[in-house]
Amino acid sequence: MKPNTPVPEGFIHRDVPTSTVAIGWIQGLEKDIYLVSHELTQKEMGKRGYKFDEKGSRCMELYNCPRFTIPMDNGEIILDYYLPCELVKKEI
């Protein structure tokens, strides 16, 4: 959301500092994807030269419509998983 966006009554907000974030798309049956989303996203980041930034913002699941809310014919859905990351510095 943009800064100073009104927060609806009954909700809370949290300001998240600017950071680099990897977005993993975890596809599978809903019962299977939650426990592996962090590990799979982190593994793919490593293949691309990034690592998990523990001092970054928070990890976050995003339930994106319709790919999370409407299962595919095989029953699978897609969960977006956000993970703060940083480029691995390569020594020369």
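Residues numbered from 1 in each chain as written. Predicted model: local features only at pLDDT ≥ 70, side-chain atom pairs only at ≥ 80, totals over all residues. Heavy atoms only, no water.

(A) View of the overall build of the protein. Counting secondary structure elements, the protein contains two helices and four strands. Scanning the protein from its N terminus toward the C terminus, one meets helices and strands in the order β-α-α-β-β-β. For the protein, whose C-alpha radius of gyration is 16 Å, the value lies well above the compact-globule estimate of 12 Å for 92 residues. Dimensions of the protein, computed from C-alpha atoms along their principal axes, come out at roughly 50 × 40 × 20 Å. For the protein, with 92 residues in total, the buried portion stands at 22%. In the protein, 69% of the contacts between residues at least 6 apart in sequence involve partners at least 24 apart. (Helix = DSSP H or I, 4+ residues; strand = E, 2+ residues; numbered from the N terminus. Rg over C-alpha atoms; globule rule 2.2 N^0.38 Å. Buried < 20%, exposed > 50% of the residue type's maximum accessible area, 1.4 Å probe, protein only. Contact = heavy atoms within 4.5 Å.)

(B) Focus on the pattern of salt bridges. Inspection of every chain in the model, using the stated rule, returns seven salt bridges. With a closest N to O distance of 2.8 Å, Glu44 and Arg48 form a salt bridge. Two residues, Lys51 and Glu86, come together in a salt bridge whose shortest N-O distance is 3.7 Å. Highlighted residues: Lys51 in strand 2 (residues 50-52) and Glu86 in strand 4 (residues 77-87), separated in sequence by 35 residues. Residue class for Lys51 comes out partly exposed when judged on its relative accessible area of 43%. (Salt bridge = Lys/Arg side-chain N within 4 Å of Asp/Glu carboxyl O.)

(C) Main features of the packing of aromatic side chains. Here the structure, examined in full by the defined rule, presents one aromatic pair. Between Tyr63 and Phe68, the ring centres sit 4.8 Å apart and the planes meet at 50°, which makes this aromatic pair tilted. Sitting above the plane of the Trp25 ring, Arg67 keeps its charged end 4.0 Å from the centroid. (Phe/Tyr/Trp six-rings, centres within 6.5 Å; stacked < 30°, edge-to-face > 60°. Lys NZ or Arg CZ within 6 Å of the ring centre and 35° of its normal.)

(D) Seen up close, helix 2 (residues 37-47). Of all the positions in helix 2, only Ser37, Thr41 and Met45 are classed as buried. The buried residues of helix 2 occupy an angular sector of 60° when the element is viewed end-on, so they sit on one face. Away from the buried face of helix 2 by more than 90 degrees, exposed residues Glu39, Lys43 and Lys47 are located. Immediately beyond the C-terminal end of helix 2, within one or two residues, lies Gly49, with a positive phi of roughly 90°. (Arc of directions from axis to C-beta.)

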